[in-house]
Amino acid sequence: MSEKLYPVLPGAKANTQMDEATYQEWYQESITDPEAFWGKHGKRIDWFKPYTKVKNTSFEGDVSIKWFEDGVTNIAYNCIDRHLETRGDQVAIIWEGDNPYIDKKITYRELHENVCRLANVLKENGVQKGDRVTIYLPMIPEAAYAMLACARIGAVHSIVFAGFSPEALAGRIIDCQSTFVITSDEGLRGGKPIALKENTDKAIDIAAKQYVMVNKVLVVRRTGGKVSWGSGRDLWYHQEIAKASPVCEPEPMNAEDPLFILYTSGSTGKPKGVLHTTGGYLVYASMTHQYVFDYQDGDVYWCTADVGWVTGHSYLVYGPLANGATTLMFEGVPNFPDQGRFWEVVDKHHVNIFYTAPTAIRALMGAGDEFVTHSSRSSLRLLGSVGEPINPEAWEWYYNVVGDQRCPIVDTWWQTETGGILITPLPGATALKPGSATRPFFGIKPEIVDNEGGVLEGVTDGNLCIVDSWPSQARTLYGDHARFKEAYFTTYPGKYFSGDGVRRDEDDYYWITGRVDDVLNISGHRMGTAEIESALVSHHDVSEAAVVGYPHAIKGQGIYCYVTLMSDAEAKDQEELRKELIAHVRTEIGPIATPDKIQFAPGLPKTRSGKIMRRILRKIAEDDFGTLGDTSTLADPAVVDDLIDQRQNKK
Ligand code: PRX
């Protein structure tokens with residue numbers, strides 16, 4: 001790993017709101033006296049009724065997390081209304097279409113009107129405070145309107161990434177018993193339409209079989225593509241909006257009222273409905289957005305994440321809008337019409353702050369520097385990275401070629417469950433090391449523990465825990481608090497366990513090494529091996545499946561599936577079957593779960609008690625046959641030799 005140190009850039013130092021001395025001072029206070037620290041910073045958002053209590057949290061026993069618990073506020077009010085007087089005519093959202101000739105600018109005043117109208121449409125169609133609204137939309141402004149309209153009336157949104165299949169959408173609708181869905185006729189990415197309404201129709205049918213009845217579907221007309229229509233159930237967005245009143249008072253919300261549910265993969269079972277609440281979430285999202293990105297008034301800020309992921313919640317919509325920023329939303333993909341698209345958009349809209357994922361950086365790096373150097377990028381001041389460890393080569397390319405050695409890179413570590421960035425450089429304060437997320441943000445106390453929970457000090461590596469609460473932490477898993485406790489607070493009792501491995505170096509910098517559980521990180525997207533396995537075994541030809549990750553040059557990790565066939569399927573054409581299984585997983589979960597490799601395995605290595613030894617399967621997938629470790633505890637050690645033989649013959 002590169003340990004090269006990049007001192008704070010003079011430009012970042014001159015511009016900054018946060019220098020090293022202030023970081024140290026604030027960090028100390030945030031750790032020694034969180035009540036005082038957050039009591040002060042909680043006031044960065046507007047409260048209808050100020051809080052008198054700041055922190056009431058316990059990682060022990062039943063695990064209870066409350067911040068600003070007697071405060072009353074509204075997130076849409078904070079993201080829109082409070083800006084109207086001073087920046088009503090400022091652009092809130094720049095929308096850049098998939099087609100490079102199409103874009104749109106929405107001012108805060110226009111955002112207000114759109115959100116109020118939609119909020120009224122929701123209310124008129126029976127949506128009440130606390131109801132769950134599923135949003136299955138592409139990257140269009142209506143996605144942000146929908147989030148904010150829910151927040152305005154106190155409905156809880158559950159966004160499902162538009163790349164998920166009808167089955168996956170149905171699972172999420174069923175889990176939170178959502179009866180209202182907002183979607184569009186089609187999505188458009190890289191010039192290709194995606195049949196979102198059709199997927200929604202299928203998902204609703206699946207949900208109905210589980211007795212979850214979706215009453216209303218609000219459909220945005222994006223492409224004009226043909227859709228089928230359920231009369232009485234389906235409503236055109238544009239028609240309803242036109243009829244609705246542009247006045248809608250924001251609902252007073254308690255700080256701990258739910259804001260959204262976002263499903264994410266765990267190491268076992270079905271996706272987890274991570275629940276975030278109102279006050280602490282917005283305080284932390286807006287504060288990190290300001291200091292991590294050194295966001296300043298007038299900056300144009302672009303986060304490339306989709307609204308379907310947590311980054312799209314905290315750093316595309318809520319954090320930036322709470323700060324009165326101009327946030328850019330991009331409908332398309334980095335390589336359409338060509339691999340220079342990102343940098344063309346940067347020049348077109350004079351983007352100052354650019355936040356993306358290592359997988360995109362690696363893919364663009366592979367396309368050659370010319371795509372970058374065609375553009376000026378002179379507006380850029382800061383670059384960010386999120387979603388997976390960034391390899392030093394990609395970091396250097398991002399820094400040297402994209403940033404022309406002028407722009408600090410903030411490598412931000414966080415998770416769906418953390419709500420906001422926990423470990424990150426601050427551009428005016430932190431010297432950078434390529435590949436390290438560097439130091440904790442205010443209020444974050446990381447601890448590294450060994451597998452038995454022993455605390456490791458100094459230079460070390462182990463499992464990453466956070467020992468005390470921070471305001472934007474998830475409060476529970478929707479409808480399953482027991483699973484919440486079990487997943488995050490039981491492995492190392494009294495601590496939040498992230499599921500990530502980490503190394504701490506001699507400068508107290510943190511280097512995230514990746515998941516230590518059975519969760520994969522595919523192009524920065526979390527995917528549980530258990531979910532892919534259950535998709536595979538739901539195919540009639542499969543008797544057993546084990547899925548592991550292996551290093552992949554662009555995606556970070558690839559999906560490697562070991563599949564044992566039913567005996568009557570063994571004679572089938574393997575190539576055909578491989579294609580069929582890949583298609584099957586795409587139908588069950590979505591294209592992001594597409595298996596990269598399928599090895600038909602006559603048997604899987606298991607312990608005598610029947611547990612699959614993934615450690616061995618991982619090594620075989622990595623072609624690392626020399627260090628398989630002890631295989632003597634296996635029920636049938638010969639299975640391993642068969643797998644290796646098979647793999648070597650394939651080369
Ligand atoms: O393994 C870590 C990795 O992404 C996981 C969280 O995924 P998700 O909940 O989908 O949220 C992604 C966006 C916040 C983490 O457990 N991860 C995220 N950011 C980084 C990272 N790994 C290394 N460096 C990062 N900067």
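Reading the values: rules and limits
- In every chain, residue numbers begin from 1 and rise along the written sequence.
- Reporting in this predicted model follows two pLDDT cut-offs: at least 70 for local features of residues, and 80 or more for side-chain atom pairs to be given and counted; totals over whole chains, interfaces and linings ignore these cut-offs and use all residues.
- As a rule here, side-chain values cover all heavy atoms of the structure and leave hydrogens and water aside.
- UniProt positions are given in the numbering used here, feature names are shortened, and annotations may be inferred rather than shown by experiment.
- A run of H or I in DSSP becomes a helix once it reaches four residues, and a run of E becomes a strand once it reaches two; helices and strands are each numbered from the N terminus.
- Residue contacts follow a heavy-atom distance rule, with two residues in contact if any of their heavy atoms lie within 4.5 Å.
- Simply put, an axis is a line fit to the C-alpha atoms, just over the touching stretch for a helix, and the angle between two N-to-C directions goes from 0 to 180 degrees.
- Note that the term roughly parallel is reserved for angles under 35 degrees, roughly antiparallel for angles over 145, roughly perpendicular for angles of 65 to 115, and oblique for everything else.
- When residues are grouped by polarity, Ala, Val, Leu, Ile, Met, Phe, Trp, Tyr, Cys and Pro land in nonpolar, Asp, Glu, Lys and Arg in charged, and all others, Gly among them, in polar.
- Throughout, the term near means that a residue has one or more heavy atoms lying within 4 Å of the molecule or strand in question.
- Polar contact criterion, stated in full: a pair of N or O atoms within 3.5 Å, where within protein one must be able to donate a hydrogen and the other to accept it, and residues adjacent in sequence count only if both atoms are side-chain atoms.
- Note that accessible areas follow from Shrake-Rupley with a 1.4 Å probe, and for residues the cover is restricted to the protein chains shown.
- Strand pairing follows a simple DSSP-based rule, namely that at least 2 bridges must link the two strands.
- Residues with no salt bridge and a relative accessible area higher than 30% make up the patches, which join like charges within 9 Å and nonpolar side chains (Val, Leu, Ile, Met, Phe, Trp, Tyr) within 5 Å.
- The salt bridge criterion pairs a side-chain nitrogen of Lys or Arg with a carboxyl oxygen of Asp or Glu, the two atoms within 4 Å.
- A positive count includes Lys and Arg, and a negative count includes Asp and Glu. His and the chain ends are not counted in either.
- Lys charges are placed at NZ, Arg charges at CZ, Asp charges at CG and Glu charges at CD.
- Each residue's exposure class comes from its accessible area (1.4 Å probe, protein chains only) as a fraction of the maximum for that residue type: buried when under 20%, exposed when over 50%, partly exposed otherwise.
- Expected span, for any helix, means 1.5 Å times one less than how many residues it has.
- Any two cysteine sulfur atoms within 2.5 Å of one another count as a disulfide.
- Looking down the strands as they point away from the viewer, one classifies a crossover as right-handed if the path from the first strand across the helix to the second runs clockwise.

The protein chain is annotated in an unreviewed UniProt entry as Acetyl-coenzyme A synthetase of Paenochrobactrum glaciei. Quoted verbatim from the Cofactor (unreviewed entry) field of UniProt, the annotation for the protein chain is "Mg(2+)". Regarding the protein chain, the UniProt comment filed under Sequence similarities (unreviewed entry) reads as follows: "Belongs to the ATP-dependent AMP-binding enzyme family."

**Here's the deal with the side chain of Thr16**
Tracing the backbone shows Thr16 in the loop between helix H1 (10–15) and helix H2 (20–32). Ignoring any residue separated from it by four or fewer positions in sequence, one finds Thr16 in contact with Asp294, Gln296 and Gly428.

**What about the packing of helix H10 (residues 279–292) against helix H11 (residues 310–322)?**
Where H10 meets H11, the axes come as close as 8 Å, and the angle between the chain directions of the two elements is 90°. Looking at the two axes, H10 sits roughly perpendicular to H11. Of the residues in H11, those in contact with Tyr281, Leu282, Ala285, Ser286, Thr288 and His289 of H10 are His313, Ser314, Tyr315, Tyr318, Gly319, Pro320 and Ala322. Looking at the contact of H10 with H11 residue by residue, the class counts come to seven nonpolar, six polar and no charged.

**Brief notes about the site of the ligand**
In the vicinity of the ligand lie 17 residues, with Asp411, Thr412, Thr416, Asp500 and Arg526 positioned nearest. Arg515 has a polar side-chain atom sitting 2.8 Å from an oxygen atom of the ligand. Within the side chain of Arg526, a nitrogen or oxygen atom sits 2.8 Å from an oxygen atom of the ligand. Relative to its free-state accessible area of 540 Å², the ligand is covered by the protein chains to the extent of 96%. Looking at the shell around the ligand residue by residue, the class counts come to six nonpolar, six polar and five charged.

**Looking at the sheet that holds strand S25 (residues 496–504)**
Strand order in the open sheet formed by five strands is S22-S21-S23-S25-S26, with antiparallel pairing between adjacent strands. Only two strands of the sheet have a single neighbouring strand rather than two, namely strand S22 (455–456) and strand S26 (510–515). Two elements, strand S21 (residues 446–449) and S22, share two bridges in a ladder whose sense is antiparallel. What sits directly across from Ile448, in S22, is Leu456.

**A short note on a negative patch on the surface**
A surface patch of negative charge is lined by Asp636, Asp641, Asp642 and Asp645. Of note, Asp636 is situated in the loop between helix H19 (614–621) and helix H20 (638–650). Looking at Asp636, the relative accessible area reads 42%, which means it is partly exposed.

**Observations concerning helix H6 (residues 141–153)**
Over its 13 residues, H6 extends 19 Å from the first C-alpha to the last, a length consistent with the 18 Å expected when each residue adds 1.5 Å. Among the 13 residues of H6, 13 are classified as buried, and the element is accordingly described as predominantly covered. Immediately beyond the C-terminal end of H6, within one or two residues, lies Gly154, with a positive phi of roughly 85°.

**Here's the deal with the pattern of salt bridges**
This model, assessed by the stated rule, comprises 42 salt bridges. Residues Arg82 and Asp46 are paired through a salt bridge, measuring 3.4 Å at the closest nitrogen-oxygen approach. Here Arg82 is found in helix H4 (residues 75–87), whereas its partner Asp46 is found in the loop between helix H3 (34–41) and strand S1 (55–58), with 36 residues between them in sequence. We classify Asp46 as partly exposed; its relative accessible area is 29%. Its salt-bridge partner being Lys555, residue Asp596 comes within 2.8 Å of it at the nearest N-O pair. One end of the pair, Asp596, is in the loop between helix H18 (574–588) and strand S31 (597–600); the other, Lys555, is in the loop between strand S29 (542–552) and strand S30 (556–565), with 41 residues separating them in the sequence.

**Digging into the state of the cysteines**
Going through the model one piece at a time under the given rule, you end up with zero disulfides. Take Cys79: it sits in no disulfide, and the sulfur closest to it among the cysteines is that of Cys116, at 13 Å. The buried category is assigned to Cys79, whose relative accessible area is 0%.

**Description of the pairing of strand S19 (residues 382–386)**
When you tally the buried positions in S19, you get five out of five residues, the bulk of the element. Residues Leu382, Gly384 and Val386 point to one face of S19 and Leu383 and Ser385 to the other, with burial holding for every one of them. Bridge analysis of strand S18 (residues 353–356) against S19 gives four bridges, and the strand direction is parallel. From the neighbouring strand, Ile353 faces S19, where its bridge partner is Leu382. Between the parallel pair S19 and strand S20 (residues 409–412), the chain is carried across by helix H15 (residues 392–402), and the sense of this crossover is right-handed.

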